[in-house]
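Now for the letters of each chain:
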Amino acid sequence: IMMGTGPFAVPTFRMLVSSPHDVCLLVTRPPVVSRGRPAPPSPMRLAGEELGVEIYDPPNVNDDSVIAHLQQYEADLLVVCDYGQILSSDALAVGKLGGINLHGSLLPKYRGAAPVQWCVYNGDEVSGISVIHMTPRLDGGPVIAVKSLPVEPDDTSETLETKLSEAGVESVTEAIAKLETWDGHSIIGEVQDPTLATKAPRLQKGMGDVDWSRPATEIRNQIRAFQPWPGSFSQMERTNGKLQKVILDWVEVVPEERTDSLDGFAEFEHGQICLCNKEELWVKTGAGAISITRIQPVGKRVMAIDEFIRGYQPVVGSPFRSS
């Protein structure tokens, strides 16, 4: 039985359906209704429909009636990825071999709902995936398979997540092969050291508000991490005194030798525009400066910075403020 909802699970799901294994059921989250209208179908629902796999979408997978329904399939294994619910011990017992979970970090680092985002946010140079034998404790089971991947300087959480989801296919295959010869009693895999665990909590909208007192490198990492959601946003004070809310789509860190050669750089406050010409817009941070290259005024499309400068006419000294 495959359990998944989001895009991270799709490559593994496709692999399992095309493998010698029999995927008898896809368990996914129910359709979301927003403002009285159904949201677009989830990536896993679309994949299930395309591949002709039976779909089951209970509101609570741990409900007794749901567990009884799943037991009828007599599945050997639950394969869980990007599902959105924590399984109870009774739900895990539906599979004769229990369940495995494909997780987007090198556990025990980044346990939680947003491991890829916090990896990029913290500026890690290496990420990876872990396949764990599941326990009711969140992301706490022994690690059966693991694979490391480099985090490229221009990776966003979206691009890194795609790479990790594809890398996970091989590791899930490896984990299933180990389970096929498991005695069902001994510990399989490497037990996690709980003292090394770090948390990766679910993202919230307010986290995207840029704190200009932070160093330029950290602000750039935030912008990479919070794409496509919640985005990184701020408010620019215009010459008429009104605030223009903007989303920072892409920035680069200004090399130190360039800020050192800018007259008066040290006198600017963090958050102030310290350079603005036809093609460049720099904002001073708590350490260094960033050069905004793509920006989106709220309600408008993403613009290259030269187009934004022509249309919104920012000036040196104008501040960017927290929303």
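Residues numbered from 1 in each chain as written. Predicted model: local features only at pLDDT ≥ 70, side-chain atom pairs only at ≥ 80, totals over all residues. Heavy atoms only, no water.

Counting secondary structure elements, the chain contains nine helices and 16 strands. Reported as C-alpha extents along the three principal axes, the dimensions of the chain are approximately 70 × 45 × 30 Å. Looking at the chain as a whole, 49% of its 323 residues are labelled buried. Of the side chains in the chain, 29 bear a positive and 42 a negative charge, and the two mean positions are spaced by 8 Å. (Helix = DSSP H or I, 4+ residues; strand = E, 2+ residues; numbered from the N terminus. Buried < 20%, exposed > 50% of the residue type's maximum accessible area, 1.4 Å probe, protein only. Lys, Arg positive; Asp, Glu negative; His and termini not counted. Charge placed at Lys NZ, Arg CZ, Asp CG, Glu CD.)

Once that is clear, we can look at the layout of surface pockets. One number sums up the size of the largest pocket: a volume of about 1400 Å³. In terms of lining, the largest pocket is formed by 44 residues, of which the most central are Asp82, Tyr83, Gly84, Ala113 and Arg202. Put simply, the parts of the chain that give the lining of the largest pocket at least two residues each are strand E6 (78–81), strand E7 (99–103), helix H5 (115–121) and helix H6 (157–180). Taken together, the residues that form the lining of the largest pocket break down as 20 nonpolar, 16 polar and eight charged. The space that makes up the second largest pocket amounts to roughly 360 Å³. Looking at the second largest pocket, it is lined by 15 residues, and the ones nearest its centre are Ile1, His21, Asp22, Asp76 and Leu77. Classifying every residue of the lining of the second largest pocket by side-chain character gives eleven nonpolar, one polar and three charged. (1 Å grid on protein atoms, 1.4 Å probe; cavity = no way out; pocket = protein on both sides within 12 Å on 5 of 7 lines; lining within 4 Å. Points joined across faces, edges and corners; volume = space filled by probe spheres on them. Nonpolar A, V, L, I, M, F, W, Y, C, P; charged D, E, K, R; others polar.)

As a further point, take the packing of helix H1 (residues 10–18) against helix H2 (residues 43–51). Their axes nearest at 10 Å, the elements H1 and H2 cross at an angle of 20°. One finds that H1 runs roughly parallel with respect to H2. Seen from above, H1 lies across H2 with right-handed handedness. Across from Val10, Phe13, Arg14 and Val17 in H1, the residues of H2 making contact are Pro43, Met44, Ala47, Gly48, Glu50 and Leu51. The class makeup of the residues in the contact of H1 with H2 is seven nonpolar, one polar and two charged. (Axes fitted to C-alpha atoms, helices over the stretch in contact; angles between N-to-C directions. Parallel < 35°, antiparallel > 145°, perpendicular 65-115°, else oblique. Left-handed = near helix turned anticlockwise from the far one by under 90°. Contact = heavy atoms within 4.5 Å.)

Let us now look at the pattern of salt bridges. On inspection of all chains with the given rule, the structure shows 13 salt bridges. Of the charged contacts in the structure, one is a salt bridge between Glu218 and Arg214, with a shortest N-O distance of 3.3 Å. Of the charged contacts, one joins Arg310 and Asp306 as a salt bridge, the two residues approaching to 3.8 Å between their closest N and O atoms. One end of the pair, Arg310, and the other, Asp306, are both in helix H9 (residues 305–312), four residues apart, so they sit about a helical turn from each other. The exposure class of Arg310 is exposed, given its relative accessible area of 58%. (Salt bridge = Lys/Arg side-chain N within 4 Å of Asp/Glu carboxyl O.)

With that out of the way, let us pick up the packing of aromatic side chains. In this structure the tally under the stated criterion is five aromatic pairs. Consider the rings of Trp118 and Tyr121, whose centres lie 5.0 Å apart with planes at 70°: the pair is edge-to-face. Note that Trp118 and Tyr121 are positioned in helix H5 at a spacing of three residues, about one turn of the helix. Measuring from ring centre to ring centre gives 5.5 Å for Tyr121 and Phe226, while their planes differ by 20°; the resulting arrangement is stacked. A residue pair is termed long-range when its members are at least 10 positions apart, and Tyr121 in helix H5 and Phe226 in the loop between helix H7 (216–225) and strand E10 (233–237) qualify at 105 residues. Three or more aromatic residues link up through ring pairs in this structure, and these residues are Trp118, Tyr121 and Phe226. The residue whose ring lies beneath Lys245 is Phe233, and the NZ or CZ to ring-centre distance is 4.7 Å. In this structure, Lys284 packs its charged tip against the face of Phe265, placed 4.8 Å from the ring centre. (Phe/Tyr/Trp six-rings, centres within 6.5 Å; stacked < 30°, edge-to-face > 60°. Lys NZ or Arg CZ within 6 Å of the ring centre and 35° of its normal.)

What follows concerns the pairing of strand E8 (residues 126–133). Counting buried residues along E8, seven of its eight residues qualify, which places the element largely inside the surrounding structure. Pairing geometry for E7 and E8, over four bridges, is antiparallel. Residue pairing across strands places Asn101 opposite Ile132, the latter belonging to E8. Examined bridge by bridge, E8 and strand E9 (residues 143–150) share seven bridges and lie antiparallel to one another. (Pairing = 2+ DSSP bridges.)

Before going further, it helps to examine the sheet that holds strand E5 (residues 55–56). Two orientations exist for strands paired in a sheet by backbone hydrogen bonds: parallel and antiparallel. The strand order across the open sheet formed by seven strands is E5-E2-E1-E6-E7-E8-E9, and the pairing between neighbours is mixed. At either margin of the open sheet sits one strand with a lone partner, and together these are E5 and E9. Pairing geometry for strand E2 (residues 26–27) and E5, over two bridges, is parallel. Note on E5: the bridge partner recorded for Leu26 is Ile55. Most of the contacts of H1 go to strand E1 (residues 2–4), to which it runs at about 165°, and overall it touches E1, E2, E6 and E7.

The end-to-end C-alpha distance of H6 is 34 Å, a good match for the 34 Å that 24 residues give at a rise of 1.5 Å each. Val169 marks the point of greatest bend in H6, at about 30°. Buried residues of H6: Ser157, Leu160, Leu164, Ser165, Ala167, Gly168, Val169, Ser171, Val172, Ala175, Ile176 and Leu179, and no others. (Expected span 1.5 Å × (residues − 1). Bend = angle between axes of the 7 residues up to and from the residue.)

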